[in-house]
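# Chain and residue survey
Read off the chains here:
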Amino acid sequence: SQKIEQNSEALNIQEGKTATLTCNYTNYSPAYLQWYRQDPGRGPVFLLLIRENEKEKRKERLKVTFDTTLKQSLFHITASQPADSATYLCAVYNQGGKLIFGQGTELSVKP
Amino acid sequence: GAGVSQSPSNKVTEKGKDVELRCDPISGHTALYWYRQRLGQGLEFLIYFQGNSAPDKSGLPSDRFSAERTGESVSTLTIQRTQQEDSAVYLCASSPLAGLVQETQYFGPGTRLLVL
């Protein structure tokens, strides 16, 4: 069956360090993969989209990689700040046009 | 402009009652989605409206769940004979164009439903 898996354990890091979150998918061949941020009590907010022919995408302190061989995307936040603390979700579209989300990984950045 | 809005923001109901949740998408957005998010869980797809096409209802968990959308505007999600397992946050999202996989989705704040 099709699955999107993210680390279920919360990631705790020190301010200034780089946070790396993992998204693995099985039985998909997505042309695009998206990352969203969700704060407590709020809906997800779109961050980045990466295409299958793009190995890497950057936006300010964010970097996303997409390895279609490993079926994995990595999401990096460099020079992390306490304000980056949130849950980060990856998502892919399936053939039916639906956006399927992973369960999210909670990131906590300590000052 | 205004984002996606949802109402009510919180709803407490008794088991067996019907509830109706409302979503107002961003004006002009063709596609509208409903998701369910249980505590500490990811988003579970429920239903997808795309323009004038028949909605994709494949994610609705039971026949107690139904949704309607009037044209390209407001949508309502109805849960009949609510059960405690229906307790969750119900999120609505819209996107500008239907059928384009690269379109991002814009989410509302959600309705927190608690069934006692």
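Residues numbered from 1 in each chain as written. Chains lettered and ligands numbered in written order. Predicted model: local features only at pLDDT ≥ 70, side-chain atom pairs only at ≥ 80, totals over all residues. Heavy atoms only, no water.

## Description of the overall build of chain B
We apply this condition: Helical segments are the DSSP runs of H or I of at least four residues, strand segments are the runs of E of at least two, and each set is numbered from the N terminus. The atom set for the radius of gyration is the C-alpha atoms, and the globule formula is 2.2 Å times the number of residues raised to the power 0.38. Accessible area is worked out with a 1.4 Å probe on protein chains only. A residue is then buried under 20% of its type maximum, exposed over 50%, and partly exposed in between. Working rule for contacts: check all heavy atoms of both residues, and any pair within 4.5 Å makes them a contact. The Shrake-Rupley method, run with a 1.4 Å probe sphere, supplies the accessible areas, and residue values consider only the shown protein chains as cover. Positive charges come from Lys and Arg, negative ones from Asp and Glu, while His and the chain ends are left out of the count. A single reference atom marks each charge: NZ on Lys, CZ on Arg, CG on Asp, CD on Glu.
Scanning chain B from N- to C-terminus turns up zero helices and ten strands. Counting helices and strands in the order they occur from the N terminus, chain B gives β-β-β-β-β-β-β-β-β-β. Taken against the 2.2 N^0.38 rule, which gives 13 Å for 116 residues, the C-alpha radius of gyration of chain B at 13 Å falls within 12% of a compact globule. Each principal axis of the C-alpha distribution contributes one length, and for chain B these read about 40 × 30 × 25 Å. For chain B, the residues scored as buried account for 48% of the 116 residues in total. Long-range contacts, defined here as pairs at least 24 residues apart, represent 55% of the contacts in chain B between residues at least 6 apart. For chain B, the accessible surface area stands at approximately 5,500 Å², while carbon and sulfur atoms represent 47% of it. With 11 positive and 12 negative side-chain charges, chain B shows a separation of 6 Å between the mean positions of the two kinds.

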